[in-house]
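Close look at the chain arrangement
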Amino acid sequence: MDAEQAYLFAHAVSRDAAYQLQLPADRARLHGWALDILEAHPGSGALAVDLAHHAAFAQSGAEGEALTGLQRRELRYLQEGAAHCTSEYDLSQAVRLYRRVLDHPLADGAQRDAALIEGTRVLLNAGKGTEALDWIAHGPPASDPAAGLAIEDARAAALLSLGRSREALECCNRALQALPESGGRLEGGLLSTAGAIWSDLGDIDAALHALERAARLADELQDPSLRAQALSNQARTWFSRGRWTDAAPLFRQVQQIAFASGDRHRLCVSTSGLGACLIQTGNLDEAEQQLLAAVRIAREIGNFREEAVAFTNLGTVEEWRGNLARAAELHERALQMHRETGNRRAEAITQRNLANLAAHTGRFAEAERMVLRAFALSREIGDAAAEGALYTVLATIHYRQGRTLGCLAACERASEALQHAGDLWLRAASDAYRALTLGACTRNREALEAVQSALPRLQPPTAPRLLVEFGFAIRAQVLVGIAIEQRLVRREDAGQALRDAALSLDELESHAHHAADPVTCREYVLQARGWLAQTDRGEWPQCWMGSRINELPAPLRLAVLDSMPVQSPGLLERLQTEAPLLLAALKDGTEELPVPDWRNAEVP
């Protein structure tokens, strides 16, 4: 038997047993020989991990210079192996090797600083913010001021990843104040982190100011990695403001830089971000392709956090396609993953998505419970934009249950929160729901004012197409409501309102370039068209149902009373027996008015 075959084993247990039978001194000598042989034939960076292993075990029984020499070789290969595992996204192995560097007896302050900082970055790239904070907390103190500032930057990034934005800002500000006059790359990194924190806290101006400074510094230093970090955070900021067409090109630039440099972590994040932008502009097929690519890269590099974010956005793709069961399945899967990684911001967003789905399918009590949980998370992390979005969801829940006062109150709170956060399209969505509710209360003039204010912010391509359709549908409904009121008073105004409503619906359909969510937009479109058709036929829709009776114009109440025996005889009987006070409120103040000719009225 030749030497190459002498120590091949059919089973790992047999191999380990044979290894343990060797005396410790013999084992150490064999490891030393293996170390010498492998060093004489240098290979890839992967070999450094084996060399560090052999150098460690060869130390058994060694003393003096021999021991010190083996320890130096071990430390060298631990550093090389850790760097190689980091570049290959073998993140668990990289962390183990950096830990051995931290604990190594010959490691100096600079080597420990580097291991602590790089180990933190590895954990953050794996989406493990809690472990990153623990790593810093149990690591050695920095050996010099520059390293201390880099560690503070890493700590701020870890806090931000866990949604602890205010703590992250305090940490980042301390580091920025301690920077020397020319901070170089470290200053650029801290400014980029600060920009991301300000963005999450809703101060868009402060975020953009910090990120623009970081981008300029990256250009001065000719540092593509630093530029990619600044551009990525700028894209996130524009995305949070609802400016999808500004965010998407930045994500594409980051993709190009990351691809050229082989930075698969940055490539994963930018691909996922681009997919989220494409959803909002209605490009669902391309969005799905980008998000599936992000999932694939995330799995290759072991980034569980980004994989979960991509699943949340894939759930939104299915929701917009109307596949609500599949959307709920993806959101539930993402929610569990966010909880495992400690990503509380993404957890709150996914909880909100699930609440929205529950509301659209009539599970209102469940939707409200989810909204309350998401509120608690958003307030804990200080996310004003998320809180405003949750009030918009709450308005949806109230509206669908006929709670007009609750809906109006939620819309007001949403507008207040979103005004601070600067999220223009969500504010427009809140105004649109307010208009819808005012219309349901027959406060049509106020409703028209609200929807006219919202429509300029609900224009493509800056707003999600679904909301563009929603805005035009609401405007049509409100105009029909005004027409119903006016045909009893000023027929020329009624005719103009009806023509405006028809144009609004035509404009709506010209923007409908994708399959909108059937339980959201189409419902309002069909309802508006139904009202328009009824009014064209000279019929009176039951638009007064659920309204405050005392706010309805007296001529309209008289028309409702006169038309009710013909259109809704069963309803009239119920009112007479079950709600006499409501019937009395309908009649109040109509005694002296002429009965309108609602049967034969022609639309001008």
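**A short note on the overall build of the chain**
Of regular secondary structure, the chain possesses 30 helices and zero strands. Every one of the 604 residues in the chain was classed for burial, and the buried ones make up 53%. Contacts in the chain between residues at least 24 apart in sequence constitute 63% of all its contacts with a sequence separation of at least 6. Summed over its atoms, the accessible surface of the chain is roughly 27,100 Å², and 52% of this surface lies on carbon and sulfur atoms.

**What about the environment of Ala298?**
Structurally, Ala298 can be placed in helix α16 (residues 284-301). Sequence spacing of Ala298 and Ala310 is twelve residues, and the spatial spacing of their C-alpha atoms is 9.1 Å.

**Points about the environment of Ala157**
With respect to the helices, strands and loops of the structure, Ala157 is situated in helix α9 (residues 145-161). In this structure Ala157 comes out as partly exposed when scored by relative accessible area, which is 24%. Put simply, Ala157 and Leu133 are 24 residues apart on the chain and 9.6 Å apart in space, counted from C-alpha to C-alpha. Not counting residues within four places of it along the chain, the set of residues in contact with Ala157 comprises Leu124 and Thr193.

**Considerations on the nonpolar core**
A general feature of soluble globular proteins is that nonpolar side chains tend to end up buried together. Counting residues in each nonpolar core, the largest one holds 61 residues, and the members touching the most others are Tyr98, Trp135 and Ile197. Look past the residues within four positions of Tyr98 in its chain and what remains in contact with it is Ala82, Ala83, Thr86, Ala115, Glu118, Gly119, Val122 and Trp135. Formed by 30 residues, the second largest nonpolar core is a distinct cluster that contains Leu208, Leu278, Leu284 and Ala310.

**Points about the pattern of salt bridges**
Going through the model one piece at a time under the given rule, you end up with 22 salt bridges. Here Asp103 and Arg99 are joined by a salt bridge, their closest N and O atoms 3.7 Å apart. Of the two residues, Asp103 and Arg99 are both situated in helix α6 (residues 91-103); the distance of four residues between them amounts to about one turn of the helix. The class for Asp103 is exposed, based on a relative accessible area of 53%. Measuring nitrogen to oxygen at the nearest pair gives 3.4 Å for the salt bridge that ties Glu152 to Arg174. Taken together, the residues Glu152 in helix α9 and Arg174 in helix α10 (residues 165-177) connect sequence positions 22 residues apart. Owing to a relative accessible area of 47%, Arg174 belongs among the partly exposed residues under this scheme. Taken together, the shared-partner salt bridges in this structure form one network comprising Asp285, Glu288, Glu318 and Arg321.

**Brief notes about the packing of aromatic side chains**
Under the criterion given, the structure shown has two aromatic pairs. Both rings, one in Phe239 and one in Trp244, keep their centres 4.9 Å apart while their planes meet at 65°; by these two values the pair is edge-to-face. The positively charged end of Arg99 is found above the aromatic ring belonging to Trp135, 4.7 Å away from the centroid.

**Observations concerning the side chain of Asp223**
Its place among the elements puts Asp223 in the loop between α12 (204-221) and α13 (224-240). In terms of polar contacts, Asp223 uses its side chain to reach the side chain of Arg185, at 2.6 Å. A distance of 3.1 Å separates the side chain of Asp223 from the backbone nitrogen of Ser225, its partner in a polar contact. Among all residues touching Asp223, those that are not within four sequence positions of it are Arg185 and Ala218.

**Structural notes on the state of the cysteines**
Evaluated as defined, the whole model comprises zero disulfides. Not engaged in a disulfide, the cysteine Cys407 finds its nearest cysteine sulfur in Cys411; these two sulfurs lie 4.2 Å apart. Judged by its relative accessible area of 0%, Cys407 is buried.

**A closer look at the confidence of the model for the chain**
Looking at the chain as a whole, its pLDDT mean stands at 76, while 71% of the residues score no less than 70. Averaged pLDDT values over the elements of the chain bottom out at 43 in helix α1 (residues 3-6) and peak at 93 in α16. Considering only residues more than four positions removed or in separate chains, one finds that residues 511-522, a stretch of pLDDT under 50, has 38 contacts. Counting contacts from residues 536-548, a segment whose pLDDT is below 50, to residues more than four positions away or on other chains yields 40 contacts.

**Considering unusual backbone geometry**
Of note in the backbone geometry, Gln222 takes a positive phi value of approximately 50° without being a glycine. Given a relative accessible area of 70%, Gln222 falls into the exposed group.

**Observations concerning α13**
With 17 residues, α13 should cover 24 Å at 1.5 Å per step; its first-to-last C-alpha distance of 24 Å lies within 8% of that length. Next to the buried residues of α13 lie α11 (184-201), α12, α14 (244-261) and α15 (264-280). The N-terminus of α13 is capped by Asp223, whose side-chain oxygen sits 3.1 Å from the backbone nitrogen of Ser225. Downstream of α13 by a residue or two, Gly242 has a phi angle that is positive, lying close to 85°.

Criteria and thresholds
Residues numbered from 1 in each chain as written. Predicted model: local features only at pLDDT ≥ 70, side-chain atom pairs only at ≥ 80, totals over all residues. Heavy atoms only, no water. Helix = DSSP H or I, 4+ residues; strand = E, 2+ residues; numbered from the N terminus. Buried < 20%, exposed > 50% of the residue type's maximum accessible area, 1.4 Å probe, protein only. Contact = heavy atoms within 4.5 Å. Areas by Shrake-Rupley, 256 points an atom, 1.4 Å probe, with all protein chains shown as cover. Core = buried A, V, L, I, M, F, W, Y, C linked by side-chain atoms within 4.5 Å. Salt bridge = Lys/Arg side-chain N within 4 Å of Asp/Glu carboxyl O. Phe/Tyr/Trp six-rings, centres within 6.5 Å; stacked < 30°, edge-to-face > 60°. Lys NZ or Arg CZ within 6 Å of the ring centre and 35° of its normal. Polar contact = N/O pair within 3.5 Å; in protein donor to acceptor, adjacent residues only side chain to side chain. Disulfide = S-S within 2.5 Å. pLDDT = per-residue confidence, 0-100. Expected span 1.5 Å × (residues − 1).

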